[in-house]
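# Architecture at a glance
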Amino acid sequence: GSILKLNQNVSYNNSVSALSTDDFDWTLDLNGHTYTYTGRRNGAFLLRYEGNTLNIIDSSGTEKGTIIVNEKCNYAIGTNETSNKCKIVIGEGVTIQGNTILIEGTYNTLDVSGTIATGNKNIAIQTNGSYTKNSTITLHDGAIVTSNSCAIYHPGTGTLNVYKATVTGGEGFTGIEMRAGTLN
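In what follows, the accompanying structure is described. Note that this is a predicted model, so its numbers are computed, not measured.

### Observations concerning the environment of Lys133
Structurally, Lys133 can be placed in strand β15 (residues 125-133). Exposure remark for Lys133: the relative accessible area of 36% places this residue in the partly exposed category. Considered as a pair, Lys133 and Ile57 are 76 residues apart in the sequence and their alpha carbons are 27 Å apart. Not counting the four nearest positions on each side in its chain, Lys133 is found in contact with Gly105, Thr106, Tyr107 and Thr157. Side-chain polar atoms of Lys133 contact the backbone oxygen of Ser130, separated by 3.0 Å.

Right, dumping it as structure tokens:
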């Protein structure tokens with residue numbers, strides 16, 4: 001796959017997504033910088049074709065690599081109802097702010113070792129009861145998932161694995177709301 005390494009903070013107003021003929025298997029290395037998505041519609045990144053992979057890392061060692069997405073968008077990073085066998089990885093030291101990680105489609109995977117902190121009423125991680133089938137979401141040791149609302153909303157089929165991660169919902173909300181699937 002390809003690697004895009006940031007050498008400075010950057011703002012972008014178009015959603016990044018694969019074309020149907022692309023081999024979308026790449027790594028975004030934030031390298032201690034901030035990627036700000038200023039668009040108003042969908043989200044910063046969409047994986048929508050079979051086998052698309054997005055690995056977000058911070059190789060700087062500063063743990064300051066951040067993606068900020070407008071809270072009014074549909075999601076920060078997501079798959080859609082036609083996505084199949086896609087994988088999103090949020091690496092250690094990476095922070096996603098402002099909006100949700102949305103997992104729809106079939107057999108899609110989310111691995112989180114970093115932080116997803118919306119800082120608002122947007123759910124940090126969510127599936128869709130109608131459009132999510134057999135997803136796997138794994139929160140690894142040290143991962144942090146927070147929202148001023150419910151932190152994780154899981155109405156779709158699939159598995160949510162939580163291994164020594166911190167999951168915190170806002171005042172009066174749950175950290176994890178399971179409506180379907182398996183929680184380990």
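Don't stop here, the text continues.
### Structural notes on the packing of aromatic side chains
This model, assessed by the stated rule, comprises two aromatic pairs. Seen from their ring centres, Trp26 and Phe45 are 6.1 Å apart, and the 65° between their planes marks the pair as edge-to-face. In this pair, Trp26 is assigned in strand β4 (residues 25-29) and Phe45 in strand β6 (residues 45-47), connecting sequence segments 19 residues apart. Comparing Trp26 with Phe45 shows no difference in burial state: the two are buried.

### As for the sheet that holds strand β13 (residues 109-112)
Within the open sheet, the eight strands sit side by side as β1-β4-β7-β10-β13-β16-β19-β22. Their pairing is parallel. In the strand order of this sheet, the two ends are held by β1 (2-5) and β22 (182-183), each with one partner. Looking at chain direction, strand β16 (residues 135-139) and strand β19 (residues 158-162) are connected through five bridges and run parallel. Considered in β19, the bridge of Ser135 is made with Gly158.

### Considering the sheet that holds strand β8 (residues 65-69)
One open sheet holds the seven strands; their spatial order is β2-β5-β8-β11-β14-β17-β20, and the pairing between them is parallel. Taken across any chain shown, the strands that pair with only one partner, and hence form the sheet edges, are β2 (10-12) and β20 (166-168). For this sheet the average axis-to-axis angle between neighbouring strands, irrespective of direction, equals 10°. Inspection of the sheet shows β8 paired to strand β11 (residues 94-97) by four bridges, in the parallel sense. When the sheet's bridge partners are listed, Ile68 is paired in β11 with Gln97.

### Digging into the environment of Asn161
Within the fold, Asn161 resides in strand β19. By relative accessible area, Asn161 is classed as buried at 9%. Along the chain, Asn161 and Leu139 lie 22 residues apart, while their C-alpha atoms are 6.1 Å from each other. Once you skip the residues sitting within four places of it in the chain, Asn161 turns out to touch Thr136, Ile137, Thr138, Leu139 and Asn184. A distance of 3.3 Å separates the side chain of Asn161 from the side chain of Thr138, its partner in a polar contact. A distance of 2.9 Å separates a polar atom in the side chain of Asn161 from a polar atom in the side chain of Asn184.

Parameters at a glance
Residues numbered from 1 in each chain as written. Predicted model: local features only at pLDDT ≥ 70, side-chain atom pairs only at ≥ 80, totals over all residues. Heavy atoms only, no water. Helix = DSSP H or I, 4+ residues; strand = E, 2+ residues; numbered from the N terminus. Buried < 20%, exposed > 50% of the residue type's maximum accessible area, 1.4 Å probe, protein only. Contact = heavy atoms within 4.5 Å. Polar contact = N/O pair within 3.5 Å; in protein donor to acceptor, adjacent residues only side chain to side chain. Phe/Tyr/Trp six-rings, centres within 6.5 Å; stacked < 30°, edge-to-face > 60°. Pairing = 2+ DSSP bridges. Axes fitted to C-alpha atoms, helices over the stretch in contact; angles between N-to-C directions.

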